[in-house]
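Spelled out from the first residue to the last, the chains are:
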Amino acid sequence: MQLREFGEFLRSRRDRIRPGEVGVPVGARRRVPGLRRDEVAGLAGLSVDYYNQLEQGRGAQPSEQMVAALARALRLTEDERSHLYFLAGRPVPARHGLAAHVHPGMLDLLERLPATPAAVITDLHATLVQNRLATALLGPISTARGREASFVYRWFTDPDARSRYHPDEHEHQSRVFVADLRAVAARRGGDAEVAGLVGALLSSSAEFAGLWARQEVAVRRSDRKRIMHPELGAIELDCLSLLSEDGTQRLLWFTAPAGGDAAEQLALLGVLGGHR
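So, a few notes on the structure that sits alongside this text. (Residues numbered from 1 in each chain as written. Predicted model: local features only at pLDDT ≥ 70, side-chain atom pairs only at ≥ 80, totals over all residues. Heavy atoms only, no water.)

### Let's talk about the overall build of the chain
No. 1: For the chain, the helix and strand inventory stands at twelve helices and five strands.
No. 2: In terms of overall dimensions, the chain is globule-like: its C-alpha atoms have a radius of gyration of 20 Å, near the 19 Å expected for 276 residues.
No. 3: Overall, the C-alpha framework of the chain stretches about 55 × 45 × 30 Å when taken along its three principal axes.
No. 4: Residues counted as buried form 47% of the 276 residues belonging to the chain.
No. 5: When contacts within the chain are restricted to residue pairs at least 6 apart in sequence, those whose partners lie at least 24 apart make up 60%.
No. 6: Of the roughly 13600 Å² of accessible surface on the chain, 53% is carried by carbon and sulfur atoms.
No. 7: Seen as two clouds, the 36 positive and the 34 negative side-chain charges of the chain have centres 4 Å apart. (Helix = DSSP H or I, 4+ residues; strand = E, 2+ residues; numbered from the N terminus. Rg over C-alpha atoms; globule rule 2.2 N^0.38 Å. Buried < 20%, exposed > 50% of the residue type's maximum accessible area, 1.4 Å probe, protein only. Contact = heavy atoms within 4.5 Å. Areas by Shrake-Rupley, 256 points an atom, 1.4 Å probe, with all protein chains shown as cover. Lys, Arg positive; Asp, Glu negative; His and termini not counted. Charge placed at Lys NZ, Arg CZ, Asp CG, Glu CD.)

### Details of the packing of aromatic side chains
No. 1: Following the criterion strictly, the structure yields seven aromatic pairs and no others.
No. 2: On the numbers, 6.0 Å between centres and 55° between planes, the contact of Phe-151 with Trp-155 is tilted. Placement of the pair is Phe-151 and Trp-155 together in helix 8 (residues 151-157), with a separation of four residues, close to one helical turn.
No. 3: Between Trp-155 and Tyr-165, the ring centres sit 5.2 Å apart and the planes meet at 80°, which makes this aromatic pair edge-to-face. In this pair, Trp-155 is assigned in helix 8 and Tyr-165 in the loop between helix 8 and helix 9 (170-188), connecting sequence segments ten residues apart.
No. 4: Residue class for Trp-155 comes out buried when judged on its relative accessible area of 1%.
No. 5: Looking at Tyr-165, the relative accessible area reads 8%, which means it is buried. (Phe/Tyr/Trp six-rings, centres within 6.5 Å; stacked < 30°, edge-to-face > 60°.)

### Considering helix 2 (residues 37-44)
Because an α-helix completes one turn every 3.6 residues, residues spaced three or four positions apart along the sequence face the same direction.
No. 1: For helix 2, the full list of buried residues reads Glu-39, Val-40, Ala-41 and Ala-44.
No. 2: Immediately beyond the C-terminal end of helix 2, within one or two residues, lies Gly-45, with a positive phi of roughly 75°.

### Re unusual backbone geometry
No. 1: The backbone of Arg-75 sits at a positive phi, close to 55°, despite the residue not being glycine.
No. 2: Looking at the secondary structure, you find Arg-75 in the loop between helix 4 (64-73) and helix 5 (78-88).
No. 3: On the basis of relative accessibility, which here comes to 15%, the residue Arg-75 falls in the buried class.
No. 4: At Gln-215, a position not held by glycine, the phi torsion is positive, near 65°.
No. 5: Checked against the element boundaries, Gln-215 lands in the loop between helix 11 (206-212) and strand 3 (222-229).
No. 6: Overall, the relative accessible area of 52% leaves Gln-215 in the exposed class.

### Digging into the packing of helix 1 (residues 3-16) against helix 5
No. 1: It is at 9 Å that the axes of helix 1 and helix 5 come closest, and there the two elements cross at 150°. By the criterion of interaxial angle, the relationship of helix 1 to helix 5 is roughly antiparallel. Considering how the two elements wind past one another, helix 1 and helix 5 form a crossing that is left-handed. Where helix 1 abuts helix 5, its residues Glu-5, Phe-6, Phe-9, Leu-10, Arg-13 and Arg-16 lie against Glu-80, His-83, Leu-84, Leu-87 and Ala-88.
No. 2: Its residues assigned to classes, the contact of helix 1 with helix 5 shows six nonpolar, one polar and four charged. (Axes fitted to C-alpha atoms, helices over the stretch in contact; angles between N-to-C directions. Parallel < 35°, antiparallel > 145°, perpendicular 65-115°, else oblique. Left-handed = near helix turned anticlockwise from the far one by under 90°. Nonpolar A, V, L, I, M, F, W, Y, C, P; charged D, E, K, R; others polar.)

### Quick notes on the sheet that holds strand 5 (residues 249-255)
By definition, the strands of a sheet pair up through backbone hydrogen bonds, in either a parallel or an antiparallel sense.
No. 1: One open sheet holds the five strands; their spatial order is 2-1-5-4-3, and the pairing between them is antiparallel. In the strand order of this sheet, the two ends are held by strand 2 (127-130) and strand 3, each with one partner. The average undirected angle you get between the axes of adjacent strands in this sheet is 30°.
No. 2: In this structure, strand 4 (residues 233-243) lies alongside strand 5, joined through six bridges in antiparallel fashion. Along strand 5, the bridge assignment pairs Asp-238 with Thr-255.
No. 3: With respect to the sheet, helix 6 (residues 104-111) is in contact with strand 1 (118-122), strand 2, strand 4 and strand 5, its orientation differing from that of strand 5 by roughly 10°.
No. 4: Packing of helix 9 onto the sheet brings it into contact with strand 3 and strand 5, and relative to strand 3 it is tilted by some 130°. (Pairing = 2+ DSSP bridges.)

In structure tokens:
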């Protein structure tokens, strides 16, 4: 790891960002045009002391997940992110994993949706980042790694994964997940990650195997879901998605359909989320 260069690069990127670009309030007594160290630490989920050490060229080597968090917090381009990994002495991760680069434009859109649950996920439905309301609606981001990070994998192998979906919709969601996965498999063209996921599901889930044999293909772009919230009960929402240009990531957001109680429930969700 090139400690000094790593710290200098972090500092240069921090100075470049204006607080409003990442949702940080701008106070009247602000002394620097860019972000402060404590603000970057907060955005990346690190302690202020450890972030200070990194900028000063000290401290332990950051993990790949930590480098990914810093890259997202600092809105690095893909080339800048690769450079940060190089300086950290870490291999640049594959484009599709949990440490995948979240496009700055998607992060910007995510932060412009504070009043609705929203998240950025991979094409295999592993959540990369989500806002406060998405956490209140769906629960915290899974800490699972490998193929278990994929919600599609957990859907067919872990009964608890379905607890937030209304039981009447489980069959529909299963079909949609499989059709979407087949579209991803075709687009990636024999990718080892997808092949491993499909193989594991074929051997462990008879339901998945039966649906996979149907050869249905459909990228999920919109859907209506009834989410089972532990305190608010069933919440009927429209789920929309915006795909990245290469199709590897998606911005999901939930909105209340016209009529019904969903709009009021989302407002209550914001109150509940603020007290957690």
